[in-house]
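Geometric and topological summary
Below are the chains, spelled out letter by letter.
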Amino acid sequence: MRLYVGVTVGGTRYLTEWFNTIKKLNPLEIAVARDLSRSEPIPDLPVRLIDYDTHKPWESYEKRHLGWVSDESILLGIIKLLEDFVKSNCTHFLHIDSDIILSDKAIEMTLSEEWDYLQYGIPVVPREEPDLKNVMMFWDSTNFGLSKTVATLILEPLKKIENPYPVDINIHQTIRERFEKLKSKKYLSIYNVGISHYISGVKVTL
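The text that follows walks through the structure, step by step, so that each part is easy to find. (Residues numbered from 1 in each chain as written. Predicted model: local features only at pLDDT ≥ 70, side-chain atom pairs only at ≥ 80, totals over all residues. Heavy atoms only, no water.)

**Looking at the packing of aromatic side chains**
Scanning the model with the defined rule gives 10 aromatic pairs in all. Here Tyr 14 and Tyr 198 contribute two aromatic rings whose centre-to-centre distance is 3.9 Å and whose plane-to-plane angle is 5 degrees, an arrangement assigned as stacked. Taken together, the residues span a long stretch of sequence, with Tyr 14 in the loop between strand 1 (3–9) and helix 1 (15–22) and Tyr 198 in strand 11 (residues 196–199) at a distance of 184 residues. Comparing Tyr 14 with Tyr 198, the two get one shared label, buried. The interplanar angle of 55 degrees and the centroid separation of 6.4 Å between the aromatic rings of Phe 179 and Tyr 187 together place this pair among those described as tilted. Its relative accessible area of 5% is what places Phe 179 among the buried residues. For Tyr 187, a relative accessible area of 41% corresponds to the partly exposed category. Aromatic rings pair up to connect Tyr 4, Phe 85, Phe 93 and Phe 144 into one cluster. The ring of Phe 85 carries the charged tip of Lys 148 above its face, separated from the ring centre by 5.2 Å. (Phe/Tyr/Trp six-rings, centres within 6.5 Å; stacked < 30°, edge-to-face > 60°. Helix = DSSP H or I, 4+ residues; strand = E, 2+ residues; numbered from the N terminus. Buried < 20%, exposed > 50% of the residue type's maximum accessible area, 1.4 Å probe, protein only. Lys NZ or Arg CZ within 6 Å of the ring centre and 35° of its normal.)

Written out as structure tokens, the structure is:
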């Protein structure tokens with residue numbers, strides 16, 4: 001596999017730790033899609049920057065989901081990354097959020113076999129009730145992997161989504177609709193291997 005790893009920002013306070021972890025995947029490309037109206041400053045890292053602009057200003061990390069404006073920004077950023085990936089020499093695409101830190105075991109499993117569709121089990125809390133007592137494992141997050149075949153198939157359908165909220169559910173629904181039609185398909189799920197998610201500034205691991 002020749003990996004392309006991308007992230008859409010948004011918040012960037014954990015981006016250096018994210019980058020140091022992502023390097024362990026030995027990706028051919030690392031790209032950051034930043035919404036110029038909504039991105040915090042980008043640390044000085046050797047990544048490809050892909051700029052776009054929703055013209056919907058960022059208020060703060062704590063208010064990034066206010067009105068679900070972030071969902072539109074995330075979807076557009078992921079589309080920009082997928083377009084760049086499809087034109088590259090890479091064979092597989094990963095989108096890993098900047099507040100997600102993969103464990104060494106998760107990295108080992110990601111690289112252990114080829115896949116067309118990869119899902120990670122991510123520790124989360126409901127957006128409506130962001131209490132760390134409510135931590136659960138979530139599958140349809142914006143942390144996923146695709147082969148070039150699947151990435152190419154979903155690009156145009158993603159562009160036709162008019163209301164992206166909830167963006168993660170819509171993305172995975174689009175992926176599954178195309179993935180299930182493949183004659184030969186390889187699926188991989190990775191969970192309970194120490195993946196961490198920064199939730200309200202606290203590093204939560206499952």
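Next comes the rest of the description.
**A word on helix 3 (residues 104–112)**
Residues of helix 3 that are buried include every one of Ala 106, Ile 107 and Thr 110, and no others. Taken down its axis, helix 3 places every buried residue within 100 degrees of arc, on the same side. In helix 3, the exposed residues that point more than 90 degrees away from the buried face are Asp 104 and Ser 112. Check the buried side of helix 3 and you find it contacts helix 1, strand 4 (92–95), strand 6 (117–120) and strand 10 (187–190). (Arc of directions from axis to C-beta. Contact = heavy atoms within 4.5 Å.)

**Considering the pattern of salt bridges**
A pair can form between side chains of opposite charge whenever their charged atoms are brought close. A complete count under the given rule lists 12 salt bridges for this structure. Taking the shortest distance from any N to any O, the salt bridge between Arg 48 and Glu 29 comes out at 3.2 Å. Residue Arg 48 is located in strand 3 (residues 48–52), and its partner Glu 29 is located in strand 2 (residues 29–35); the two are separated by 19 residues in the primary sequence. Glu 29 gets classed as partly exposed once you look at its relative accessible area, which sits at 23%. One salt bridge connects Asp 140 with Arg 176, and the closest N-O pair in it is separated by 2.8 Å. (Salt bridge = Lys/Arg side-chain N within 4 Å of Asp/Glu carboxyl O.)

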